[in-house]
Amino acid sequence: MALGSIQKNSIKKIGAILSFAVALTAHASVESSHGIAMHGDLKYDAGFSHFEYVNPEAPKGGVFKQAANGTFDSFNPFIIKGTAADGTGLTFDTLMARSYDEPFTQYGLLAEAVRMPESRAWVEFDLRKQARFSDGTPVTAIDVIETFRLLREQGSPFYKAYYRDIRSITAITDHTVRFEFGSEENRELPLIIGEVPILSANYWKERDFTKPSLDPILGSGPYVVDSFEAGRTITYKRNPDYWGTDLPVNRGRYNFDAMQFDYYRDSTVALEAFKAEEYDFREENSSKNWATSYTGPAFDEGRIKKELIADANPAGMQAFIMNTRLDKFSDPRVRSAIAHGFDFEWTNANLFYSAYTRSHSFFSNSEMAATELPSEKELAILEPFRGQIPDEVFTTVYQAPTTKGDGRNRTQLRTALKLLIP
């Protein structure tokens, strides 16, 4: 029995040594990079000093006040129980930081280097040795491993599903961590991992991750909790000892000395509080409010500025979604008939103050939206599926039906009837 046990343990050790040797071989054969991109090349080279869209010399100081809706009774945003306070993300750092002038590209934050093969079957991150939590303790590979264990085993069910393709996480060294994937199909996964807030393994050693708490969670981000009144207000102050202030991904950012979130139970009250200059910034998503509510002395005298800011972000959509698994919606002619019956132009002018733009793509307002017929490269991908996908893909650029907006859309309704009654 003893001999068998020794042999078994020896085999385990040999297996561990072989696994480590394989990891080192993979490590050596793949070049390190300062960033990763979902598609194409990185915009910023390894020596970049700051993102182009920030002012690296921006003055620092002041308090930035914002409104929050509802209430809060916890500082843990990673679990189902409790309602987490707004702004908790300010207290955490992630392995990588996203560049917002590229479709989906990240550069090193906690990680100074990243490696992955062309297949994206695994990814390795080298952590910065100067990275620190706000209590001064270093951020290590063990913290990364424990973060994913907590999220997948004790966090919201979302995390277990979202990271299901992670097969294993290994600390190669104290500052190098490797993720192995069970599938090569999820090419976005290395970037998803780069966005995860990293928690302190030591902090959670004696605490229950599953219970909501008003004890501020230890993080490594640029802000720490300064003061709060549960359910009413919370203020974060800029950490004067923040380890990552001078990193290229942070330069020109996090300029306010304090970030304050005041809670309002009612959205109408929150709007009136803004007009009374109780907080500093508001993003409006109601066309009626935008058209009718932003008036008064503060606007007339220029103390509050109302501005419509164009962007190049995918717009998303507000839409009626039909369940094509149901027989009544399975025929595309039925769906086309419904689209012809919807008078967007009249609805937009009379109900939504002409504030909306019609969506003609799942990817409207982005370079991924189809605005012309397939190119030669796209045709090379599509041709094998000719006959299995609609013929219109090859002949017609999709545009949603349009009307004159006068409420008399008889032409479109006749088209809809023809589709429904051939």
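Residues numbered from 1 in each chain as written. Predicted model: local features only at pLDDT ≥ 70, side-chain atom pairs only at ≥ 80, totals over all residues. Heavy atoms only, no water.

Turning next to the sheet that holds strand β3 (residues 96–99). In space, the three strands of this open sheet follow the order β1-β4-β3, with antiparallel pairing throughout. Every other strand in the sheet has two partners, leaving β1 (35–37) and β3 as the edge strands with one partner each. Averaged over all pairs of adjacent strands, the angle between their axes in this sheet comes to 25 degrees, without regard to strand direction. Of the strand pairs in this sheet, β1 and strand β4 (residues 105–108) are connected by three bridges, and their pairing is antiparallel. What sits directly across from Ala37, in β4, is Thr105. (Pairing = 2+ DSSP bridges. Helix = DSSP H or I, 4+ residues; strand = E, 2+ residues; numbered from the N terminus. Axes fitted to C-alpha atoms, helices over the stretch in contact; angles between N-to-C directions.)

This part covers the packing of aromatic side chains. When we look at a pair of aromatic rings, we describe it by the centre distance and by the angle of the planes. Tallied over the full model, the rule gives 34 aromatic pairs. Considering the side-chain rings of Tyr159 and Tyr163, the 6.0 Å spacing of their centres and the 25 degrees angle between planes classify their relative orientation as stacked. A residue is classified by how much of its surface remains accessible, and Tyr163, at 4% relative accessible area, is buried. When the ring of Phe352 is compared with that of Tyr356, the centres are 5.2 Å apart and the planes differ by 90 degrees; the resulting orientation is edge-to-face. With relative accessibility at 33%, the residue Phe352 sits in the partly exposed group. For Tyr356, a relative accessible area of 29% translates into the label partly exposed. Taken together, the aromatic side chains of Phe78, Phe92, Phe125, Phe148, Phe158, Tyr159, Tyr162, Tyr163, Phe179, Tyr203, Trp204 and Phe209 make up a single cluster linked through ring pairs. Positioned over the ring face of Trp122 is Arg178, at 4.0 Å from the centre of the ring. (Phe/Tyr/Trp six-rings, centres within 6.5 Å; stacked < 30°, edge-to-face > 60°. Buried < 20%, exposed > 50% of the residue type's maximum accessible area, 1.4 Å probe, protein only. Lys NZ or Arg CZ within 6 Å of the ring centre and 35° of its normal.)

Another point: the environment of Tyr264. By the element assignment, Tyr264 lies in strand β11 (residues 258–264). According to the relative accessible area criterion, Tyr264 is buried, its value standing at 14%. Sequence separation between Tyr264 and His360 is 96 residues; the distance between their C-alpha atoms is 37 Å. Not counting chain neighbours up to four residues away, the residues in contact with Tyr264 comprise Ala67, Ala68, Asn69, Gly70, Val269, Ala270, Ala273, Glu278 and Tyr279. (Contact = heavy atoms within 4.5 Å.)

Bridge count between β3 and β4: four bridges; the pairing is antiparallel. Pairing of Ser99 across the sheet is with Thr105, part of β4. Counted along the chain from β3 to the antiparallel partner β4, the turn is five residues long.

Looking now at unusual backbone geometry. Positive phi, close to 60 degrees, is recorded for Arg120, a residue that is not glycine. Looking at the element boundaries, Arg120 is found in the loop between β5 (111–115) and β6 (122–127). Positive phi, normally seen in glycine, also occurs at Tyr353, with a value near 55 degrees. Mapped onto the secondary structure, Tyr353 falls in the loop between α10 (344–351) and α11 (376–382).

Judged by nonpolar contacts, the single largest core of 53 residues is most densely connected at Leu95, Phe125, Phe148, Ile166, Phe179 and Ile193. Counting only elements with at least two residues in this core, the list comes to β3, β5, β6, α2 (141–154), β7 (166–173), β8 (176–181) and α4 (189–194). The element best represented in this core is α2, accounting for five residues. Contacts of Phe148, omitting those with residues within four sequence positions, involve Tyr163, Ile166, Ile169, Phe179, Ile193 and Val196. Among the nonpolar cores identified, the runner-up in size contains twelve residues, and Ala68, Phe75, Ala85 and Met259 belong to it. (Core = buried A, V, L, I, M, F, W, Y, C linked by side-chain atoms within 4.5 Å.)

By the element assignment, Val249 lies in the loop between β10 (233–238) and β11. Along the chain, Val249 and Arg128 lie 121 residues apart, while their C-alpha atoms are 14 Å from each other. Dropping the residues within four chain positions of it, Val249 is found in contact with Phe48, Phe51, Ala97, Tyr107, Gly108 and Leu109.

So, about helix α5 (residues 267–275). Buried within α5 we find Ala270, Leu271, Ala273 and Phe274. Each buried residue of α5 lies within a common arc of 160 degrees when the element is viewed along its axis, so the set occupies one face. Contacts made by the buried residues of α5 are with β11, α6 (287–292) and α7 (297–300). Between the side-chain oxygen at the start of α5 and the backbone nitrogen of Thr268 there is a gap of 2.8 Å, and the oxygen is on Asp266. (Arc of directions from axis to C-beta. Polar contact = N/O pair within 3.5 Å; in protein donor to acceptor, adjacent residues only side chain to side chain.)

With that settled, the discussion passes to a nonpolar patch on the surface. A contiguous nonpolar surface patch, about 610 Å² in accessible area, is contributed by Met317, Ile321, Phe362, Phe363 and Met368. Mapping Phe362 onto the fold places it in the loop between α10 and α11. The class of Phe362 is exposed, set by a relative accessible area of 68%. (Patch = residues over 30% accessible without salt bridge, like charges linked within 9 Å, V, L, I, M, F, W, Y side chains within 5 Å. Areas by Shrake-Rupley, 256 points an atom, 1.4 Å probe, with all protein chains shown as cover. Salt bridge = Lys/Arg side-chain N within 4 Å of Asp/Glu carboxyl O.)

Secondary-structure assignment places Asp93 in the loop between β2 (63–69) and β3. A polar side-chain atom of Asp93 sits 3.1 Å from a polar atom in the side chain of Trp243. The residues touching Asp93, leaving out its near neighbours within four places in the chain, are Leu109, Leu110, Val196, Pro197, Ile198, Ser220, Gly221, Pro222, Tyr242 and Trp243.

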